[in-house]
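# Architecture at a glance
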Amino acid sequence: KILACGGGIIETARAMDIMRCHNPVILIDRHIDDVVETLEADPAAQVHRASLGEHPRDTYKRRLPKYEEVANFRFPIAKGEKDLSTLTTSFARFVNIALGRAIPSTVSDSFFISLTAPDYARVAPEILRSAASNADTLEFRVDLLESLEPENVIHQAALIRRSAPGTPILFTVRSVDHGGKFAGSEDEYFKLNFLGLQLCAELLDVECTWSESRIADLVAKRGPSLLVGSYHNFGRMLNRTELKDVFQRCMLSGAAAIAKVVVKAEAREDNWTVQEVGKATTPDSAFIGLCLGEAGKLSRVLNQVMCPSMHPSLAPGAPGQMSVTELLETRQTLGLMGTSRQFAVIGPWEGEAPKTSATASLSLRLLQAAFKALRLPHVAVQDFARSSEEASRLLALASTGGAVLLGPLTSQLASEAWADVSYVDCVVQRNGKLTGHCCKSERLKERLQPLGSKRTAAIVGERGEPAACVAGLHAVGFQRIVTTTPCEEPDVEVVQDLSKVKDLDALIYMGMEMPLEKLQQSLTEICQSNKPMVIDMSLQMDAPTWLSELAKKSDCQMVSSDVFLLEEMLAWFRAWHIEAKADVLKEVVSKELVNFREASQQGRQAWT
């Protein structure tokens, strides 16, 4: 639940105390110029608005320190932004990050592009979008901004987020000693980094040479942000003992998700040395081990995780940086592509498609559990998209191996990417090329193909993806397809009374809201008279019991939701060219479905 408070909430001590004890508190930080413009735009509305007793600018100036005191996070809105739809999506993503639900993956062939502009108001949005389309993460080089005043840093972050929605941000204040331009004090360095945490940067660079006590304080308050402990020496190459020491320091006493060490190469062998020591010193976490300059370019080819890179339209962030395209082409030529990948579950936002959100949650848990049970290095992630364009950002990355699609994206992406396909629920990405599959449809075809008679099929229920069923039913030659709920699919007949349907050979159940008494009566009549094959695709907690009992009593062939989901999951893995043992996945599906149904039951009880 979200409690939206007015700006005056901080005027009472009691309210301040409540917010100090709550986490997270998010400040929606709109520029005061835009606030004043809105307040003064409609004189008639001012008559009905309580007087502040002072000019809004004075009120804002007085309240801002209190806002900053109680806010855990600060959602920045770019000055002049008026696109409410874009802001809504951006805020939803921001909340997702604040709640720790959008953790960047550290897998093979992942990259970050350094953003090195002094002012992003003067950078074409197309350049930022182009950078985001090639990079897993964008490095926001705060030290290179024209002004390090908090107001400007906040505004610049908002401009980047607006042009590159959904792309994680690595917040970096690079000091002069580490090759950057920040020449301020330790207090100023950590003040800027705490601002980065407030801005909900997914990753935060922390130079390991600052005082341990100040680093420990930052670590304790990092929230959902992943820390990148870093060390840079532009002057010389370190020996193996020194490299091991700085890699260990960059782990920030175990708090860092990534340890980053950059040194100056003196010989070609140094490229392998920094990689070897990094791998040996950080066996349980990710590392970045690089050498600078032309002699160190090989280290960037060898470095698998979160490799720094550049965009052709922006200045390099460090000597020797290469573009993502150059790095990938070189790795492919030398056979150095990595083995771990991220696989995404991509669907609409929960509020826009609540019936899909449960399926997305289950799919994510299934993939996470499967990769662990199969001892694979891959990572399962969840992403949200309103359009195929948003979904394509993640699918285009070299670090992405594939995805499961849900909701409207299944037809949107299919119609745009493949002219002869109307529905896609599984995507494979290999060497920049996308291949679409409809695993639900394929499983239906295989199950229904042996039927001797294929006259009428019924799709019953209001959950799930009817388009996948229709494609599968057409493919095996069903003459008539009926459904009990409105359906936009062509050649599908909507019927009011299912019990009157004749010549039924297949019944696909996709789940219904309660109560089910009337539905059960209709299905009992039609199953007893027609004896169709019954396929349960509902995943609901109540369907496995009553539907399987009904099929058994009616002497119908039955494919349970557990079995169908297992077969669908095996189809995902085959599409992704991942070897998976059926018995291992069967155990995963069984366990996760029990957990899913228990959670559904608890959620239902909480609302009754």
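Placed above this text is the structure.
This one's a predicted model, so the numbers in the text were calculated from it and none came from an experiment.

## A closer look at the pattern of salt bridges
The final tally for this structure, using the stated rule, is 36 salt bridges. Put simply, Arg 122 and Glu 146 hold a salt bridge, and the shortest N to O gap is 2.5 Å. Linking Arg 122 in the loop between β3 (111-115) and α6 (125-134) with Glu 146 in the loop between β4 (137-141) and α7 (150-163), this pair joins segments that are 24 residues apart in sequence. Exposure remark for Glu 146: the relative accessible area of 54% places this residue in the exposed category. One network of salt bridges, with partners in common, ties together Glu 11, Glu 54, Arg 62 and Arg 63.

## Some remarks on the sheet that holds β3
Strand order in the open sheet formed by eight strands is β9-β8-β7-β6-β5-β4-β3-β10, and the pairing between neighbours is parallel. The open sheet has two edge strands with one neighbour each: β9 (286-292) and β10 (307-309). The average angle at which neighbouring strand axes cross in this sheet is 25°, direction not considered. Here three bridges tie β3 to β10, and the two strands are oriented parallel to one another. What sits directly across from Ile 113, in β10, is Ser 309. Across the face of the sheet, helix α10 (residues 240-250) comes into contact with β7 (226-232), β8 (258-264) and β9 while running at roughly 145° to β8.

## A look at the pairing of strand β14 (residues 426-430)
Within β14, four of the five residues are buried, which leaves it mostly tucked inside the rest of the structure. As defined by bridge partners, strand β13 (residues 400-405) adjoins β14 across three bridges and the pair is classed as antiparallel. The residue bridging Ala 403 from the neighbouring strand is Val 427, located in β14. In terms of strand pairing, β14 meets strand β15 (residues 433-437) through five bridges, oriented antiparallel. Looking at the pairing, Arg 430 lines up with Lys 433 of β15. Remark: two residues form the turn of the hairpin made by β14 and β15, two consecutive strands paired antiparallel; Asn 431 in that turn has positive phi of roughly 55°.

## Section: the pairing of strand β1 (residues 26-29)
The alternating pattern of β1 places Leu 27 and Asp 29 on a buried face, while none of Ile 26 and Ile 28, on the opposite face, is buried. Note: β1 against strand β2 (residues 73-76), four bridges, orientation parallel. Note that in β2 the partner of Leu 27 across the bridge is Arg 74.

## Some words on the nonpolar core
Counting residues in each nonpolar core, the largest one holds 70 residues, and the members touching the most others are Tyr 120, Leu 138, Phe 140, Val 153 and Phe 171. When residues of this core are assigned to their parent elements, the largest contribution, six residues, is made by α7. Those residues in contact with Tyr 120 that sit more than four places away from it in its chain are Leu 115, Leu 128, Phe 140, Leu 145, Gln 156, Leu 159 and Ile 160. Residues Ala 380, Trp 572, Ile 578 and Leu 593 belong to the second largest nonpolar core, which totals 33 residues.

## Looking at the side chain of Ser 105
With respect to the element layout, Ser 105 can be found in the loop between α5 (84-98) and β3. Looking at Ser 105, the relative accessible area reads 11%, which means it is buried. Here Gln 342 takes part through its side chain, which lies 3.1 Å from a polar atom of the side chain of Ser 105. Leaving out residues up to four positions away in the same chain, Ser 105 has contacts with Gln 342, Val 379 and Val 381.

## Some details on the packing of aromatic side chains
Counted according to the given criterion, the structure contains 15 aromatic pairs. Taking 5.6 Å as the distance between ring centres and 50° as the angle between the ring planes, the aromatic pair formed by Phe 343 and Phe 371 counts as tilted. With Phe 343 in strand β11 (residues 342-347) and Phe 371 in helix α14 (residues 354-373), this pair connects stretches of sequence that are 28 residues apart. Relative accessible area serves as the criterion here: at 3%, Phe 343 is assigned to the buried category. One aromatic cluster is present, built from ring pairs that chain together Phe 343, Phe 371, Trp 572, Phe 573 and Trp 576.

## Looking at unusual backbone geometry
Cis geometry marks the peptide bond from Asn 23 to Pro 24, where omega comes out at 5°. With respect to the helices, strands and loops of the structure, Pro 24 is situated in the loop between α1 (13-20) and β1. Phi is positive for Leu 252, which is not a glycine, with a value near 50°. Inspection of the secondary structure assignment puts Leu 252 in the loop between α10 and β8.

## Focus: the side chain of Ser 399
Tracing the chain through its elements places Ser 399 in the loop between α15 (388-395) and β13. Take Ser 399: its relative accessible area is 0%, and that puts it in the buried class. Contact partners of Ser 399, with chain neighbours within four places excluded, come to Val 107, Ser 108, Asp 109, Ser 110, Asp 136, Arg 341 and Gln 342.

## Some thoughts on empty space enclosed by the protein
Empty space left among the atoms is revealed by rolling a probe the size of a water molecule over them. Summed over the entire model, instances satisfying the criterion amount to two cavities of 30 Å³ or more. For the largest cavity, the calculated volume is near 160 Å³. Around the largest cavity, the lining is made up of 19 residues, and of these Arg 141, His 232, Lys 260, Gly 317 and Ala 318 lie nearest the centre. At the level of elements, β3, β4, β8 and β9 are the ones that each hand at least two residues to the lining of the largest cavity. Residues belonging to the lining of the largest cavity are distributed by class as follows: seven nonpolar, seven polar and five charged. By volume, the second largest cavity is sized at about 40 Å³. Residue classes in the lining of the second largest cavity are distributed as six nonpolar, two polar and one charged.

## Remarks on the sheet that holds strand β21 (residues 558-559)
In space, the six strands of this open sheet follow the order β18-β17-β16-β19-β20-β21, with parallel pairing throughout. Whereas interior strands pair on both sides, the edge strands pair on one side only; in this sheet they are β18 (493-494) and β21.

## Re the packing of helix α17 (residues 439-448) against helix α18 (residues 466-475)
Contact geometry of α17 with α18 gives a least axis separation of 8 Å together with a crossing angle of 40°. It follows from the interaxial angle that α17 and α18 lie oblique. Crossing of α17 over α18 shows right-handed handedness. Mapping the contact onto sequence places Lys 440, Ser 441, Leu 444, Lys 445 and Leu 448 in α17 and Ala 468, Cys 469, Ala 471, Gly 472, Leu 473 and Ala 475 in α18. Each residue belonging to the contact of α17 with α18 can be placed in one class, and the counts come to seven nonpolar, two polar and two charged.

Definitions and limits used
Residues numbered from 1 in each chain as written. Predicted model: local features only at pLDDT ≥ 70, side-chain atom pairs only at ≥ 80, totals over all residues. Heavy atoms only, no water. Salt bridge = Lys/Arg side-chain N within 4 Å of Asp/Glu carboxyl O. Helix = DSSP H or I, 4+ residues; strand = E, 2+ residues; numbered from the N terminus. Buried < 20%, exposed > 50% of the residue type's maximum accessible area, 1.4 Å probe, protein only. Pairing = 2+ DSSP bridges. Axes fitted to C-alpha atoms, helices over the stretch in contact; angles between N-to-C directions. Contact = heavy atoms within 4.5 Å. Core = buried A, V, L, I, M, F, W, Y, C linked by side-chain atoms within 4.5 Å. Polar contact = N/O pair within 3.5 Å; in protein donor to acceptor, adjacent residues only side chain to side chain. Phe/Tyr/Trp six-rings, centres within 6.5 Å; stacked < 30°, edge-to-face > 60°. 1 Å grid on protein atoms, 1.4 Å probe; cavity = no way out; pocket = protein on both sides within 12 Å on 5 of 7 lines; lining within 4 Å. Points joined across faces, edges and corners; volume = space filled by probe spheres on them. Nonpolar A, V, L, I, M, F, W, Y, C, P; charged D, E, K, R; others polar. Parallel < 35°, antiparallel > 145°, perpendicular 65-115°, else oblique. Left-handed = near helix turned anticlockwise from the far one by under 90°.

As far as function goes, none of this settles anything; it's purely spatial.
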